[in-house]
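# Summary of the model geometry
Residues per chain, in single letters:
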Amino acid sequence: MRVLFVCLGNICRSPAAESVMRTLAARAAPHVALTVDSAGTAAYHVGEPPDRRMCAAAARRGYDLSGLRARSVEPQDFEIFDLILAMDRQNLRTLEQRAPATARARLGLFLAYAPDVGFSEVPDPYYGGENGFEQVLDLIETAARGLCAALNTTTGPARIPRAG
Ligand code: 4NP
């Protein structure tokens with residue numbers, strides 16, 4: 001199972017999702033052969049490490065983002081990945097527009113795996129305060145647990161649940 005997390009810049013939300021999912025899946029779904037990656041729909045920050053505020057907030061919870069580098073979504077991602085999960089609707093729309101007709105990846109919102117959090121999108125923390133990064137991590141941790149649970153079912157996450 002190959003999962004790609006997508007946000008705008010690939011320096012805040014999606015690298016955090018990548019790292020959290022990698023860490024939690026190793027504990028909660030150790031028998032699932034899982035590849036996780038992340039990318040941005042915009043190319044402003046390509047090659048850069050994640051935002052230092054995101055790195056610091058993630059490190060306080062035990063997630064190491066320091067080795068990650070931003071990249072943008074590429075056409076072949078739609079062939080390589082089984083699931084491409086966007087952080088918000090704007091990025092999901094961009095993915096839908098860019099997906100080739102032959103795409104094998106299923107597209108959806110990451111928070112579809114966190115139906116009880118009261119949010120269907122992970123808010124963009126880039127221009128906000130420190131608290132935004134904690135909120136992003138709370139949402140991502142909940143959705144990552146939900147995705148692990150879906151991966152652990154015999155059929156896997158065949159359908160992406162509807163986001164509220
Ligand atoms: P991300 O956050 O999409 O979660 O990585 C952002 C990063 C950079 C910008 C916007 C959002 N930006 O406008 O540069």
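Now for a description of the structure that goes with this document. Worth saying up front: this structure is predicted, and the values here are computed from it rather than measured.

## Considerations on the pattern of salt bridges
Using the criterion set out here, one finds 11 salt bridges in the structure. In this structure, R61 engages E134 in a salt bridge whose closest nitrogen and oxygen atoms are separated by 2.8 Å. Residue R61 is located in the loop between α2 (52-60) and α3 (77-80), and its partner E134 is located in helix α5 (residues 130-152); the two are separated by 73 residues in the primary sequence. When the shortest N-O distance is used, the salt bridge between R61 and D138 registers 2.9 Å. Note that R61 is positioned in the loop between α2 and α3 and D138 in helix α5, a separation of 77 residues in sequence. Judged by relative accessible area, R61 falls into the partly exposed class, the value being 27%. Assessed through its relative accessible area of 41%, D138 is described here as partly exposed.

## Overview of helix α4 (residues 89-98)
The complete set of buried residues in α4 reads N91, L92, T94 and L95. Along the axis of α4, the buried residues cluster in a sector spanning 160°; they form a single face. Near the N-terminus of α4, the side chain that reaches the backbone nitrogen of Q90, with its oxygen 3.3 Å away, is that of D88.

## Observations concerning the packing of helix α1 (residues 13-28) against α5
α5 packs onto α1 with a crossing angle of 45° between their chain directions and a minimal axis gap of 9 Å. Comparing their axes, α5 and α1 come out oblique. Read as a crossing pair, α1 and α5 show a hand that is right-handed. Facing α1, whose interface residues are R13, A16, A17, V20, M21, L24, A25 and A28, α5 presents V136, L137, I140, E141, A144, R145, L147, C148, L151 and N152.

## A few points about the site of the ligand
Every residue near the ligand is listed here: C7, L8, G9, N10, I11, C12, R13, Y44, H45, D124, Y126 and Y127. C12 places a main-chain nitrogen or oxygen 2.9 Å from an oxygen atom of the ligand. In this structure, an oxygen atom belonging to the ligand sits 2.8 Å away from a side-chain N or O atom of H45. Taken by itself the ligand offers 360 Å² of open surface, and the protein chains cover 93% of this. Grouping the constituent residues of the shell around the ligand by class yields seven nonpolar, three polar and two charged.

## A short note on the sheet that holds strand β1 (residues 2-7)
The four strands lie next to each other as β2-β1-β3-β4, forming an open sheet whose pairing is parallel. What marks the edges here is a single partner per strand, and that holds for β2 (35-40) and β4 (106-109). Looking at each pair of strands side by side, their axes are set apart by 25° on average, direction ignored. Bridge count between β1 and strand β3 (residues 83-86): four bridges; the pairing is parallel. The partner of L4 across the bridge, within β3, is I84. Each of β1, β3 and β4 is contacted by α4, which is oriented at about 165° to β4, the strand it contacts most.

## Some words on the nonpolar core
Most often, soluble globular proteins keep nonpolar side chains buried together rather than apart. Residues F5, M21, M54, L65, L85, F110 and L147 are the most contacted members of the largest nonpolar core, which totals 39 residues. In terms of residues, this core owes the most to one element, α5, which gives 11 residues. Residues in contact with F110, not counting those within four places in the same chain, are F5, A17, L85, A86, M87, I140, A143, A144 and L147. Residues V73, F81, I84 and L109 belong to the second largest nonpolar core, which totals 12 residues.

Calculation notes
Position labels on residues start from 1 in each chain and follow its written sequence. Totals for whole chains, interfaces and linings use every residue, but because this is a predicted model, local features are given only for residues with pLDDT of at least 70 and side-chain atom pairs only at 80 or more, for both listing and counting. Just so you know, side-chain values use all the structure's heavy atoms and leave hydrogens and water out. A pair is scored as a salt bridge if a Lys or Arg side-chain nitrogen falls within 4 Å of a carboxyl oxygen belonging to Asp or Glu. Elements are defined by DSSP. Helices are runs of H or I of four residues or more, strands are runs of E of two residues or more, and each kind is numbered from the N terminus. Note on classification: 1.4 Å probe, protein chains only; a residue is buried when its accessible area is under 20% of the maximum for its type, exposed when over 50%, partly exposed between these limits. Directions pointing from the helix axis toward each C-beta atom define the arc. Polar contacts, as counted here, are pairs of nitrogen or oxygen atoms within 3.5 Å of one another; within protein the pair requires one atom able to donate a hydrogen and one able to accept it, and residues that are adjacent in sequence qualify only if both atoms are side-chain atoms. Here, axes are lines fitted to C-alpha atoms. For helices the fit covers the stretch in contact, and angles between N-to-C directions go from 0 to 180 degrees. Put simply, angles under 35 degrees are roughly parallel, angles over 145 are roughly antiparallel, angles from 65 to 115 are roughly perpendicular, and the rest are oblique. Note on convention: near helix rotated counterclockwise from far helix by under a right angle means a left-handed crossing. Clockwise means right-handed. Working rule for contacts: check all heavy atoms of both residues, and any pair within 4.5 Å makes them a contact. A cutoff of 4 Å decides nearness: a residue is near a molecule or strand if any of its heavy atoms lies inside that distance of it. Accessibility throughout is a Shrake-Rupley quantity obtained with a 1.4 Å probe, and a residue counts as covered only by protein chains that appear here. For this scheme, ten residues count as nonpolar: Ala, Val, Leu, Ile, Met, Phe, Trp, Tyr, Cys and Pro. Four count as charged, namely Asp, Glu, Lys and Arg, and the remainder, Gly too, count as polar. Each pair of strands is called paired provided DSSP finds at least two bridges between the two strands. Here, nonpolar core means buried Ala, Val, Leu, Ile, Met, Phe, Trp, Tyr and Cys residues that are tied together by side-chain atoms lying within 4.5 Å of each other.

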